[in-house]
Amino acid sequence: MERKILIKSDIIKALTKAGVMQGQTVMVHTSLSSLGFVCGGAQTVIESLMECVGENGTILMPAQSWKNLDPETGVHWQEPEEWWQIIRDNWPAFDKDITPTNTMGAVAEMFRKWPGALRSSHPARSVAAYGKYAEYLTENHDLSNIFGDGSPIGKLYELDGYILLIGVGYDKNTSFHLADARAEYPGKHLVTEHSAVMEDGKRKWVSYETLYVDGEDFEEIGKALELQGKAVRVSLGNSSICMMRQREAVDFAVDWIEKNRRMSEG
């Protein structure tokens, strides 16, 4: 496939066609490289989003730093097991101003450092937000309640926000984890996770219980969602963008999971 070049006006045109409007609250997942050559890179994508939602809008992005989890869970799969305890003892405590994102992409990494952006305090599953509801979306991100009601994506549901996938698949759609939390399905269970945090000025390796999730069926859910006409897909460069109302997507996913998921203990 011939690589395409995009400028800001191309991105704004596609976002507008997909339904991004002034005043919306939108959770965005991106893959910059999938689009082709974006003139200005991540900065151009972020500025385009901000122009589309305007001063009364809010942009939300994942800022996960999931390598700050126990090596036993597989997050340091490339390292030998004899190093695991050393990692537990020495991995830097989460700092919302410093800790980089892990595999969230160039746009999310730039966005979490954007002037005026706020970041939630979860040591492994944080989000970053900019705009009208940024403070509300990022405050009080509980260690155990990563994706449920009261979490950032739970609050997005309360605000009747939107999901925007830019060059990525439904496997990156974090909002489906809210459906994980709400739905009842075989094998649903909690797991104990660990992360390095700062408490009373000291680094601590803390444990917390949270819902086990893996997202293996998210692509199936997304395809079914699109077939129901609950998502708008628009071409952009070498890929596409997909826009949906979060409430409709989550409600659909809860129903789909309860009818179709057969999750084994893992």
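Residues numbered from 1 in each chain as written. Predicted model: local features only at pLDDT ≥ 70, side-chain atom pairs only at ≥ 80, totals over all residues. Heavy atoms only, no water.

### Section: helix α1 (residues 8-18)
Selection criterion: Per-residue accessibility, obtained with a 1.4 Å probe over protein chains only, is compared with the maximum for each type, and a residue is labelled buried under 20%, exposed over 50%, and partly exposed between these values. Strands here are runs of E lasting at least two residues and helices are runs of H or I lasting at least four, both read from the DSSP assignment and numbered beginning at the N terminus. Here the arc refers to the set of directions running from the helix axis out to each C-beta atom. Contact criterion: two residues are considered in contact whenever any of their non-hydrogen atoms come within 4.5 Å of each other.
Turning to α1, its buried residues are I11, A14, L15 and A18. For α1, the angular spread of the buried residues around the axis is 100 degrees, confining them to a single face. Those residues of α1 that are exposed and angled more than 90 degrees off the buried face are K13 and K17. The inward-facing, buried residues of α1 abut β3 (37-38), α2 (41-53), β7 (162-166), β10 (232-236) and β11 (239-245).

### Focus on the pairing of strand β6 (residues 127-131)
The following threshold applies: Any two strands with at least two DSSP-identified bridges between them are counted as paired.
Direction of pairing for strand β4 (residues 58-62) relative to β6: antiparallel, over a ladder of five bridges. Directly across from T58, in β6, lies its bridge partner G131. As defined by bridge partners, strand β5 (residues 118-119) adjoins β6 across two bridges and the pair is classed as antiparallel. Paired with L118 across the two strands is A129, which belongs to β6.

### So, helix α9 (residues 246-260)
Rules: Helix span is expected to be 1.5 Å times the residue number reduced by one.
The end-to-end C-alpha separation of α9 is 20 Å, in line with the 21 Å expected for 15 residues at 1.5 Å each. Taken together, the buried positions of α9 are Q246, A249, V250, F252, A253, V254, W256 and I257. Residues of α9 that are buried make contact with α6 (152-158), β7, α7 (176-182), α8 (218-227) and β11.

### What about empty space enclosed by the protein?
Gaps left between atoms show up when a probe the size of a water molecule is rolled over them. For the record, the criterion: The definitions used throughout rest on a 1 Å grid laid over the protein atoms alone, on which a cavity is an enclosed set of points accommodating a 1.4 Å probe that cannot get out and a pocket is an open set flanked by protein within 12 Å on both sides along at least five of seven lines; lining residues are those having an atom within 4 Å of a point. Grid points are joined across faces, edges and corners, and a volume is the space filled by probe spheres set on the points. Only Asp, Glu, Lys and Arg are considered charged in this grouping, and only Ala, Val, Leu, Ile, Met, Phe, Trp, Tyr, Cys and Pro are considered nonpolar; every other residue, Gly among them, is considered polar.
On inspection of all chains with the given rule, the structure shows one cavity of 30 Å³ or more. Within this model, the largest cavity holds a volume of roughly 50 Å³. In terms of lining residues, the largest cavity is bounded by M27, P62, Q64, R125, S126, V127, H141, I146, F147, P152, I153 and T174. Grouping the amino acids of the lining of the largest cavity by side-chain chemistry returns seven nonpolar, four polar and one charged.

### Remarks on the environment of S240
For clarity, the threshold we go by: Each polar contact in these results corresponds to two N or O atoms within 3.5 Å; when the atoms are within protein, one needs to be able to donate a hydrogen and the other to accept it, and residues that are neighboring in sequence are counted only if both atoms are side-chain atoms.
If you trace the backbone, S240 turns up in strand β11. Taking the C-alpha atoms as reference points, S240 and A14, separated by 226 residues in sequence, lie 8.9 Å from one another. Ignoring sequence-local partners within four residues, the contact set of S240 consists of L165, I166, G167, R233, V234 and S235. Reaching out from S240, the side chain makes a polar contact with the side chain of R233 at a distance of 2.7 Å.

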